[in-house]
Every structure is written in structure tokens, then in C-alpha cells.
Amino acid sequence: REEYCSRIQEAIQAIGFQGEFLDYSRYGSGHINDTFLIRFKESDGHIEKYILQRMNHEIFKKPEELMKNICNVTSFLRDKIEKNSGDVKRETMNVVYTKDGSPYFRDSIGSYWRAYLFIGDAVSFDRVENVKDFYESAVSFGHFQNLLADYDAGSLYETIPDFHNTPVRFETFKTAVAADLLGRAAEVQTEIHFLLERAEEMKVCMDLLKAGELPLRVTHNDTKLNNILIDNSTGKGICVIDLDTVMPGLSIFDYGDSIRFGANTAAEDETDLSKVSLDLNLFEIYTKGFLEGCNGSLTEKEVEMLPMGAKLMTLECGMRFLTDYLQGDTYFRIHREGHNLDRCRTQLKLVEDMEQKWNEMSRITGKYR
Ligand code: ATP
Ligand code: MG
Ligand code: MG
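Nothing here was measured: the structure is a model prediction, and the numbers come from that model.

### Here we look at the pairing of strand β6 (residues 112–117)
Burial analysis of β6 places 5 of its 6 residues in the buried class, which makes it a mostly covered element. Bridge analysis of strand β4 (residues 95–96) against β6 gives 2 bridges, and the strand direction is antiparallel. Residue Val96 lies in a different strand from β6, and its bridge partner there is Ala115. As judged from the 2 bridges shared by strand β5 (residues 105–106) and β6, these two strands associate in the antiparallel manner. In the strand pairing of β6, Arg106 is matched with Tyr112. Between β5 and the antiparallel strand that follows it, β6, lie 5 residues; Gly110 among them carries a positive phi value of about 95°.

Next comes the structure, spelled out in C-alpha cells:
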């Protein structure tokens with residue numbers, strides 16, 4: 001703990017904050033980085049807040065590239081917001097550079113730190129308590145797509161290579177089945193077959209990308225409710241945060257992943273599968289918000305493929321849980337025996353439900369195009 005304090009002090013010294021350092025405290029409920037709120041007193045007595053994060057170097061192996069992505073995307077956003085006469089300090093993240101001009105600081109034991117301007121009078125919600133917030137998150141992530149529609153996505157680093165490359169994930173899955181390290185394959189034949197039967201679909205979106213029928217976009221890749229800030233006074237989504245996984249990808253995957261976890265009627269690890277289904281009302285609310293936020297920037301093909309985005313993200317996620325189960329639970333942290341298998345089953349159940357509701361899903365996405 002003392003060691004940690006002295007490294008926070010090191011980071012504070014190195015980063016170019018204004019004023020006199022007052023204090024720091026743990027902040028928020030993120031699971032990946034260590035997040036702190038730090039306060040400074042400026043010469044006029046005004047108190048300025050910042051977010052300081054120790055980056056997760058285990059998960060993100062190339063912090064330099066990650067920070068280049070964040071700096072390039074946020075400076076592009078800043079220009080756009082300025083042109084729209086928006087508030088550049090609240091509608092995008094703003095990196096605070098070190099005194100020698102770097103977007104991150106490496107401390108004496110090799111940890112990476114970065115700082116952002118603090119966006120006040122706003123909150124992030126960990127769970128959907130109010131459907132309106134879910135809608136607001138959809139608008140915000142759609143608006144993010146819209147603002148970045150003319151950004152050259154191919155120039156961004158792939159922070160996690162093949163993150164949503166479903167065919168590559170499918171190959172990894174088949175290798176895990178063949179290796180069957182823990183002898184678990186026999187008991188999960190139903191799940192294995194469910195995935196194998198959908199081999200053709202796994203390729204659909206990546207093939208469309210290769211054929212130039214779906215455009216490469218700047219994607220967020222962690223489109224959870226708590227990765228947007230909601231303004232306390234207006235109740236509107238004001239800023240997309242947590243840009244660690246910003247990289248080139250498919251817009252329909254950002255959308256699809258939100259549907260996967262936001263429009264499921266049950267928890268991701270529910271064991272009573274009869275509770276798992278796609279909530280069409282939440283599906284419609286998110287779709288409406290997302291397409292409003294996109295404001296016409298998606299192509300016809302992207303809109304047409306939205307239901308497939310939702311289905312593929314769910315299928316891929318279920319496949320990753322099963323792969324991890326077969327490999328001995330080394331990637332996703334488990335809290336009980338068979339936890340990853342339970343998670344896999346909810347995802348596959350959700351896929352099944354989507355297949356049954358397919359026409360309805362297409363009708364809804366078509367309605368807001
Ligand atoms: P996750 O588990 O979602 O990956 P994380 O560990 O990557 O989270 P962040 O989402 O970046 O961490 O930040 C954690 C929390 O800190 C956010 O949910 C938000 O409440 C708060 N936060 C982050 N950046 C800012 C900011 N610039 N202004 C205000 N609050 C912020
Ligand atoms: Mg977060
Ligand atoms: Mg994060």
C-alpha cells in the first residue's frame with residue numbers, strides 16, 4: 001500500500017496538472033484499470049478534479065499503441081465537437097499529458113499511468129435501473145459512430161488482435177474441442193454441436209467486410225451502460241468513456257454486443273434457462289436510440305445486418321465461454337464449478353431465442369432505418 005502511494009505520487013509529479021495537489025481517492029467500479037479521483041487547488045482557489053488510472057498492462061500489452069489510438073480518436077472528436085459548438089471538455093475524454101509531452105507515464109517499477117479531465121455532474125450506471133438510461137447509452141454509442149464515421153479506421157492499432165474475428169475464434173474453439181485437455185468435451189456435446197451447426201454463419205460478417213460490403217469502422221468494443229456518462233441535470237448521455245478497446249471493427253458488433261448483454265431477460269450466468277430470452281421491448285429501445293445517434297451514417301447494409309450483429313456477438317460470446325470451459329477456465333474468472341458452462345448455456349439459449357424472433361428483430365431494425 002505504501003509502495004502504491006509513492007507510485008501515485010510519482011505519477012502526479014510527472015503529469016502536467018495545474019495547481020497544488022490536495023488528495024486522491026479510489027473512484028468508480030471499473031474492473032480493468034485502477035481508477036483514482038485526484039484533486040488540485042488552482043491559484044484562484046478553484047478546485048479542479050482529474051481521473052488518474054493505472055493501466056492494466058496484463059490485458060493491454062502495448063500501452064503506447066493503445067494511448068495513440070485514444071489520443072488520435074479524442075482529438076478528432078474534439079475538432080468535431082468544436083465545429084458543432086459542443087462542450088469539448090464534457091462531450092469527449094481529454095487526455096492530460098505529462099510535463100514532457102507524453103500521454104502516459106511509466107513509473108519506477110514499470111506500471112503505466114494516464115490522466116483525463118474529470119467530467120463532473122454526471123454518473124455512470126452499473127445496471128439498467130431505468131429503461132431511459134439504456135436508451136441514452138444507445139444514442140451515445142450511435143452518436144460516437146456518427147462523429148467517427150469519416151475517421152480512417154484502418155489507421156488505428158488493433159489493440160487486441162482478432163478481438164471480434166469470429167472465424168478465428170471458431171478455429172480456437174475447434175482446437176480446444178480436439179485437445180479436450182480436461183476430458184470435459186463428452187458432457188458438452190449438445191453445446192459443441194450447436195456451435196458446429198452454425199459454422200457458416202460465423203463467417204458471414206467477416207466475409208462481407210472482406211468483400212467491401214460492410215465498412216471498417218472505429219468501434220468501441222465495450223459498449224456497456226457504465227461506459228457512458230449521463231448528465232445529472234438533463235438525464236442525457238453526454239460522453240462515451242473507457243476507450244481502451246477503441247480499434248477498427250464492425251459497427252454492427254458494437255451494437256450487437258450491447259443487445260447481447262442489455263436485452264437479455266436474465267443474468268449472464270443464470271442457471272434456469274427458461275428465464276433467458278431476448279426482450280424485444282429493450283431490443284427496440286436500443287435499436288431506436290442507436291440509429292437515432294448514428295443519424296444516417298450507417299449504410300443500408302449495416303442496418304440490414306444489425307440483427308446478425310446481435311446474434312453473432314451472442315454466438316461468439318457463448319463459444320468463448322465454452323472454449324474457456326474446455327481449456328480449464330483460464331481466461332474468464334469463475335466463482336463456482338461449471339460457471340463458464342452456465343455462461344455458455346445462457347448465450348446459446350439467447351441465440352436460439354433470437355432465431356425464433358428473427359422476423360420481429362428485422363422488422364424492428366427496418367422500422368428505424
Ligand atoms: P471496465 O470494467 O468498464 O473496463 P475500467 O476499469 O476500464 O472499467 P473506466 O471505465 O475507464 O475503468 O473508469 C471507471 C469509472 O471511472 C467509470 O465507470 C466512470 O464512473 C469513472 N470515470 C472514468 N473516466 C472518467 C472521466 N473522465 N470523468 C468522470 N468519471 C470518469
Ligand atoms: Mg468502464
Ligand atoms: Mg474498460
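### A few points about the site of ligand 1
As a structural note, the neighbourhood of ligand 1 is formed by 22 residues, with His31, Ile32, Asn33, Ile119 and Lys224 the closest of them. Contacts to ligand 1 include Leu117, whose backbone N or O atom sits 3.0 Å from a nitrogen atom. Within the side chain of Asn227, one N or O atom sits 3.3 Å away from an oxygen atom of ligand 1. Considered on its own, ligand 1 offers 630 Å² of accessible surface; in the complex 95% of this is hidden by protein.

### Let's talk about the coordination of the magnesium ion (ligand 3)
Coordination of the magnesium ion (ligand 3) by the protein involves Asp242 (OD) and Asp242 (OD), with metal-donor separations of 2.2 to 2.4 Å. Metal-to-metal, the separation of the magnesium ion (ligand 3) and the magnesium ion (ligand 2) is 3.9 Å; Asp242 coordinates the two. Within the element layout of this structure, Asp242 appears in the loop between β10 (237–240) and β11 (247–249).

### Points about the sheet that holds β10
Read across the open sheet, the 3 strands follow the order β7-β9-β10; overall the sheet is antiparallel. Of all strands in the sheet, those bounded by a partner on one side alone are β7 (122–123) and β10. Note: strand β9 (residues 228–231) against β10, 3 bridges, orientation antiparallel. Its bridge partner being in β10, Ile228 is matched across the sheet by Val240.

### Let's talk about the domain arrangement of the chain
When cut into domains, the chain gives domain 1 (2–119) and domain 2 (131–367). The gap between the C-alpha centroids of domain 1 and domain 2 is 29 Å. Where domain 1 abuts domain 2, roughly 2,000 Å² becomes buried across the two surfaces, and 66% of that area is made up of carbon and sulfur atoms. The tally of links between domain 1 and domain 2 comes to 3 salt bridges. Notably, a salt bridge pairs Lys80 with Asp150, separated by 2.6 Å at the nearest N-O pair. Taken together, the connections running from domain 1 to domain 2 amount to 8 residue pairs in polar contact (both at pLDDT 80 or more).

About the thresholds
- Position numbers for residues start from 1 in each chain and track the written sequence from start to end.
- The naming scheme follows written order: chains are lettered A onward, ligands numbered 1 onward.
- Where totals are concerned, whole chains, interfaces and linings use all residues; where local detail is concerned, this predicted model gives features only for residues with pLDDT of at least 70, and gives and counts side-chain atom pairs only at 80 or more.
- Where side-chain values are given, they derive from all heavy atoms of the structure, hydrogens and water being excluded.
- Residue burial is assigned from relative accessible area. The probe radius is 1.4 Å, only protein chains are included, and a residue is buried under 20% of its type maximum, exposed over 50%, and partly exposed in between.
- Comment: elements are numbered from the N terminus, with helices defined as DSSP H or I runs of at least four residues and strands as E runs of at least two.
- By the convention used here, strands pair only if DSSP detects at least 2 bridges between them.
- Throughout, near means a residue has at least one heavy atom within 4 Å of the molecule or strand.
- Throughout this description, a polar contact denotes any pair of N or O atoms lying within 3.5 Å of each other; where both atoms belong to protein, one of them has to be capable of donating a hydrogen while the other can accept it, and for residues adjacent in sequence the pair is counted only when both atoms sit in side chains.
- Each accessible area is a Shrake-Rupley result for a 1.4 Å probe, and residues are judged covered by the shown protein chains and nothing else.
- Only nitrogen, oxygen and sulfur atoms qualify as donors, provided they sit within 2.8 Å of the metal or within 3.2 Å for Na, K and Ca; with water excluded from the atoms, sites may seem incomplete.
- These domain limits were set by an automatic method or by a database of domain assignments.
- Accessible-area loss on putting two parts together, using a 1.4 Å probe and summing over both, is the definition of buried area adopted here.
- For this document, the term salt bridge refers to a Lys or Arg side-chain nitrogen within 4 Å of an Asp or Glu carboxyl oxygen.

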